[in-house]
Amino acid sequence: MQPLFICHPDFADVVPQNPFHKQFAEHAPMAQDPVLQNRHILYRRKAVLPAFSKAVLRISADDYYKLYIGGRFVTMGPAPSYPQCYFYNEIDVTEYLCEGENTFALHTLYQGLVNRVWVSGDGRHMMYFDLYLDGKRVLVSDESWLCADHTGYSATGKVGYDTAFLERYDSRAPEVGFAQPGFDDSAWQHAARFATADYCLQKQPTAQLDVYRTEPHSIREIEGGVLLDFGREAVGYLALCVQGRAGDVVTLHCAEELDEQGRARYAMRCNCTYREEWVLSGDADTLDHFDYKAFRYAEVLLPEGAELLDAGMIVRHYPFSQRAEYPKDDPALSDVLRLCTDTVKYGTQEIFPDCPTREKGQYLGDVCISARAQATLTGDSAMIKKAILDFCATSCVCPGLLAVSCGSYMQEIADYSLQFPALVCWVYAMDKDLDFVRKVEPYATGVYRYFLGYADQNGLLDGVSDKWNLVDWPAGLRDGYDFELPATGVKRGKHNVINAFWCGFLSAMDEMYAILGMPSTGMTDAVKAAFYDTFYSPELGLYVDAPGSKHAAVHSNLLPLLFCVGTEDIALTARLCDYVEQKGLACMGVYMAYFALAALIKHGRYEAAVRLATSPDCWQNMLDEGATTTFEAWGKEQKWNTSLFHPWASAPCIVFAKNNRVY
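Nothing here was measured: the structure is a model prediction, and the numbers come from that model.

1. Focus: the overall build of the protein
- Per the secondary structure count, the protein includes 14 helices and 27 strands.
- Relative to its length of 663 residues, the protein is compact, with a C-alpha radius of gyration of 26 Å against a globular reference of 26 Å.
- With 663 residues in all, the protein has 64% of them scored as buried.
- Once local pairs closer than 6 in sequence are excluded, the contacts in the protein between residues at least 24 apart make up 77%.
- Accessible area of the protein: about 23,500 Å², with a carbon and sulfur share of 49%.

Put into structure tokens, the structure is as follows:
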């Protein structure tokens, strides 16, 4: 049966826009209608249901929904996706329904911003709802549903590179309590059919988030209110109840750390200022924030006479159950592993966000680390395979794939695309799902053909001009890399890191083709030989950063070590291992540290990898600075906009797991 999509009448005749384009290509920006931004749209429907044994609901919304049945919160979703393969959630709702009258209510958000979070700003807003009782469809999303804007939500600004609106919640709004069965919706209007809907629905292949309440570890009185400390950073939103005078305003500050005065540092390092407002009604009001943020501390600044009656945090993350085993004989390593494990647990949402505060988007480079860590820790490949398919979907923009998926902000990074087939092979080594490899192979081959367009006569990549060449991040942690790296892509010239990743890419493609019984690329050995001839310096006994350079960054040597370029030479292999160990991890970013540790372990230097991972200037420094989740850099001051919750720093979870493939 055809799915039916409904929307607020304001969206009924909106013609969807195309947000997709090559990052550096000229394009006409999408027309942004401010009337269609930050719309909190509510839907309600009462239905009398017959007796039944099992109730299954298929549900989705663009951009996002929270579902209530009979006034009870049920779930939220869907995971971000593209219109051509838009996710719906299939949920067993038997326990929430009864024979007789039932009330269904949804709170949806159309954000309307062009960013990394959702494919939004394109004019597409809808709600989809199909309820099945014992296999028979009994209730659908049609014009019988009522809808209204929730007027209690307004914005006090935007944060995180326009990834979220700061919320001002007004408990006096007439829509407060909309989910309750007895709510009066007589003034609401009927929903409309979304006439131009072009969605192709696909069942979300991953589980619903775990959503639960946690209590503060401490509550301390401060001037004008209270400071809540939840003991660790997590992702979610505040759960508060306050009694005060009607019209009085509670100010809310959320933060990852405290400032020098012991107050919440809500103007955070990561370019987010978490200052929001809550207008009271005069009753015992409950805060109802919609969007998530990451924080540990919260200040609740109360107007005179107001009383905080209850305080907690609603935490959300992907279901987590650890199965991986790690060595237990090194307390320092155990501390590092615990930090990384908690980061992966609390940081994984419906996607793998690079950070749940700032960009809130899913980057392929981050996925190559954080998704491996999540799959390693849990033994479950569902999330990492979904992420791989998310990036396959970006091939409609560029066969070389985008750097960020499931958003309307276009970004391309060559280093990330070159890791794609190795990620696929890593997953196959984990779960032996041959059908998945078959499904993904055409996209990996598309990446292969894309980069062949930049290959010179020896097979090396020369001037990958329409994707950013990253090397490492932040730029100050490239160990003096001797090659100019403009943000718009290298116009001309060969350099080491991109070509080292290209060597690894070709090896992984050959492995993938062998898994599928297909012919190899036939290029790998020749390209590795050309790499050696071009970048190896007999004078230094190391690989240099670019032809003619006299500089050998650690990055230029750890990647050839990982991808076994020239390592048939035992003496060279030993020199490269010694060089990586001597340089340590602090001269590179936390992203590149994964490849360094993997390279050492691959070549039998396990103890060296442990020494580097437990050195005082890396993860231990994060712990010394009060981390409960891993940072974007080795220390808070190392980067001007450091995220203090960055799962791409979770490499130890991968490389030190027993019986695990490191890359």
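And the narrative resumes.
2. Structural notes on the pairing of strand S3 (residues 55-62)
- The buried fraction of S3 amounts to 7 of the 8 residues, a majority that puts the element mostly inside the structure.
- Two elements, S3 and strand S8 (residues 126-133), share 8 bridges in a ladder whose sense is antiparallel. Looking across to S8, one finds that Ala61 is bridged to Met127.
- Strand direction decides the pairing type here: S3 and strand S6 (residues 86-92), joined by 4 bridges, are antiparallel. Residue Ile59 lies in a different strand from S6, and its bridge partner there is Asn89.

3. Notes on the pattern of salt bridges
- In total, this model carries 47 salt bridges according to the counting rule given.
- Of the charged contacts, one joins Glu90 and Arg58 as a salt bridge, the two residues approaching to 3.0 Å between their closest N and O atoms. Of the two residues, Glu90 is situated in strand S6 and Arg58 in strand S3; the sequence distance between them amounts to 32 residues.
- For Arg58, a relative accessible area of 28% corresponds to the partly exposed category.
- Between Asp431 and Lys385 there is a salt bridge whose closest N-O contact spans 2.9 Å. With Asp431 in helix H5 (residues 420-431) and Lys385 in helix H3 (residues 382-392), this pair connects stretches of sequence that are 46 residues apart.

4. Overview of the state of the cysteines
- One pass over the full model with this rule turns up 0 disulfides.
- Free cysteine: Cys503, not disulfide-bonded; nearest cysteine sulfur from Cys564 at 11 Å.
- Owing to a relative accessible area of 1%, Cys503 belongs among the buried residues under this scheme.

5. Section: the sheet that holds strand S10 (residues 146-149)
- In space, the 6 strands of this open sheet follow the order S5-S4-S7-S2-S10-S13, with antiparallel pairing throughout. Single-partner strands in this sheet number two, and they are strand S5 (72-77) and strand S13 (189-190).
- Summarising the sheet, strand S4 (residues 64-69) and S5 pair through 5 bridges and their orientation is antiparallel. Along S5, the bridge assignment pairs Tyr65 with Gly77.

6. Notes on the packing of helix H7 (residues 496-515) against helix H9 (residues 555-562)
- Packing of H7 against H9 leaves a shortest axis separation of 9 Å and a crossing angle of 5°. Relative to H9, H7 is oriented roughly parallel. In contact with Asn496, Val497, Ala500 and Phe501 of H7, H9 contributes His555, Ser556, Leu559 and Pro560.
- Class assignment for the residues of the contact of H7 with H9 results in 5 nonpolar, 3 polar and no charged.

7. What about helix H10 (residues 570-583)?
- Relative to the 20 Å expected for 14 residues at 1.5 Å per residue, H10 spans 20 Å between its end C-alpha atoms, a close match to the ideal helical length.
- Along H10, the residues that are buried comprise Leu572, Thr573, Leu576, Cys577, Tyr579 and Val580. Along the axis of H10, the buried positions cluster into a sector of 160°, meaning they face one direction only. Exposed residues pointing more than 90 degrees away from the buried face of H10 are listed as Ile570 and Gln582.
- Packed against the buried residues of H10 are helix H8 (524-535), strand S26 (536-537), strand S27 (542-543), H9, helix H11 (590-602) and helix H12 (606-613).
- A side-chain oxygen of the first residue of H10 lies 3.0 Å from the backbone nitrogen of Ala571; this N-cap is Asp569.
- Two residues or fewer after H10 comes Gly584, characterised by a positive phi angle close to 75°.

8. Examining the packing of aromatic side chains
- All told, the structure shown has 40 aromatic pairs when counted by the stated rule.
- When the ring of Tyr88 is compared with that of Tyr128, the centres are 6.2 Å apart and the planes differ by 75°; the resulting orientation is edge-to-face. Taken together, the residues span a long stretch of sequence, with Tyr88 in strand S6 and Tyr128 in strand S8 at a distance of 40 residues.
- Given the relative accessible area of 11%, Tyr88 is considered buried.

9. Overview of the nonpolar core
- Ranked by size, the top nonpolar core spans 177 residues in total, and within it Leu238, Phe420, Trp502, Leu585, Phe595, Trp619 and Phe656 carry the most contacts.
- Residues contacting Phe656, with those up to four places away along its chain left out, are Glu325, Tyr326, Pro327, Leu333, Leu337, Ile601, Tyr606, Ala609, Val610 and Ala613.
- Within the second largest apolar cluster, 42 residues are counted, among which are Leu49, Phe52, Leu67 and Met126.

10. Observations regarding unusual backbone geometry
- Geometrically, the link from Gly77 to Pro78 is a cis peptide bond, its omega value of -5° lying close to zero.
- You can see Pro78 is positioned in the loop between S5 and S6.
- Of note in this structure, Leu401 is not a glycine but carries a positive phi near 70°.
- Following the sequence through the fold, Leu401 ends up in the loop between H3 and strand S25 (404-405).
- Given the relative accessible area of 0%, Leu401 is considered buried.

Reading the values: rules and limits
- Residues numbered from 1 in each chain as written.
- Predicted model: local features only at pLDDT ≥ 70, side-chain atom pairs only at ≥ 80, totals over all residues.
- Heavy atoms only, no water.
- Helix = DSSP H or I, 4+ residues; strand = E, 2+ residues; numbered from the N terminus.
- Rg over C-alpha atoms; globule rule 2.2 N^0.38 Å.
- Buried < 20%, exposed > 50% of the residue type's maximum accessible area, 1.4 Å probe, protein only.
- Contact = heavy atoms within 4.5 Å.
- Areas by Shrake-Rupley, 256 points an atom, 1.4 Å probe, with all protein chains shown as cover.
- Pairing = 2+ DSSP bridges.
- Salt bridge = Lys/Arg side-chain N within 4 Å of Asp/Glu carboxyl O.
- Disulfide = S-S within 2.5 Å.
- Axes fitted to C-alpha atoms, helices over the stretch in contact; angles between N-to-C directions.
- Parallel < 35°, antiparallel > 145°, perpendicular 65-115°, else oblique.
- Nonpolar A, V, L, I, M, F, W, Y, C, P; charged D, E, K, R; others polar.
- Expected span 1.5 Å × (residues − 1).
- Arc of directions from axis to C-beta.
- Polar contact = N/O pair within 3.5 Å; in protein donor to acceptor, adjacent residues only side chain to side chain.
- Phe/Tyr/Trp six-rings, centres within 6.5 Å; stacked < 30°, edge-to-face > 60°.
- Core = buried A, V, L, I, M, F, W, Y, C linked by side-chain atoms within 4.5 Å.

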